[in-house]
Amino acid sequence: MNPVISMPIDPHSSQQARPAAPFRVGQDGDGRRIAVETGGRAGGLFRNQRDAIHYACAVTGCRPDEVALAVEPLNFRVS
């Protein structure tokens, strides 16, 4: 599992820990910008990070905490 950038949870919040974001945006091992659904069923290669985030946001409906930025290379298989 690749680490992702996340916002700290407010220790005074009564909410339970949330599951991982459905989409991660980052780079693959060759430095290409990608957005990938955490289950690996959707995603794509993009010209830049902005386009990758735009895609992930459009797919998730731009809901808060649905897109995370990865700090480690991501795997994306095209089949």
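Residues numbered from 1 in each chain as written. Predicted model: local features only at pLDDT ≥ 70, side-chain atom pairs only at ≥ 80, totals over all residues. Heavy atoms only, no water.

## Some thoughts on the overall build of the protein chain
The criterion, for reference: Numbering of helices and strands runs from the N terminus, with a helix taken as a DSSP run of H or I at least four residues long and a strand as a DSSP run of E at least two residues long. Note on exposure labels: buried denotes an accessible area under 20% of the residue type's maximum, exposed denotes more than 50%, and partly exposed covers the range between, all computed with a 1.4 Å probe on protein chains only. Any two residues whose heavy atoms approach within 4.5 Å are treated as being in contact.
Per the secondary structure count, the protein chain includes one helix and five strands. With 79 residues in all, the protein chain has 23% of them scored as buried. Across the protein chain, the fraction of contacts at a sequence separation of at least 24, relative to all contacts at a separation of at least 6, is 52%.

## Overview of the packing of aromatic side chains
Selection criterion: Centre distance within 6.5 Å is the pairing criterion for rings of Phe, Tyr and Trp, where only the six-membered ring of Trp is used; planes under 30 degrees apart are then read as stacked, over 60 as edge-to-face, and the remainder as tilted.
Throughout the structure, instances matching the rule amount to two aromatic pairs. Relative to Y55, the ring of F23 has its centre 5.8 Å away and its plane inclined at 80 degrees; by these criteria the two rings are edge-to-face. With F23 in strand β2 (residues 23-27) and Y55 in helix α1 (residues 49-60), this pair connects stretches of sequence that are 32 residues apart. Relative accessible area serves as the criterion here: at 25%, Y55 is assigned to the partly exposed category. Connected via pairs of aromatic rings, a cluster forms that spans F23, F46 and Y55.

## Focus: the pattern of salt bridges
As a reminder, the rule being used: Salt bridges, as used here, are contacts in which a Lys or Arg side-chain nitrogen is within 4 Å of a carboxyl oxygen on Asp or Glu.
A complete count under the given rule lists five salt bridges for this structure. For R32, the salt bridge is made with D30, and the minimal N-O distance between the two is 3.2 Å. We classify R32 as partly exposed; its relative accessible area is 43%. R47 is the salt-bridge partner of D51, the closest N and O atoms lying 2.9 Å from each other. With relative accessibility at 22%, the residue D51 sits in the partly exposed group. Through salt bridges with shared partners, a single ionic network connects D28, D30 and R32.

## Regarding the side chain of T60
Structurally, T60 can be placed in helix α1. A relative accessible area of 5% means that T60 is categorised as buried. If we skip the residues at most four places from it in the chain, T60 touches F23, E66 and V67.

## Remarks on the environment of T60
Rules: N or O atoms closer than or at 3.5 Å make up a polar contact, with two conditions inside protein: a donor-capable atom paired with an acceptor-capable one, and, for residues adjacent in sequence, both atoms drawn from side chains.
C-alpha separation for the pair T60 and E37, spaced 23 residues apart in sequence, amounts to 9.8 Å. A polar contact of 2.9 Å, which involves the side chain of T60, links it to the backbone oxygen of A56.

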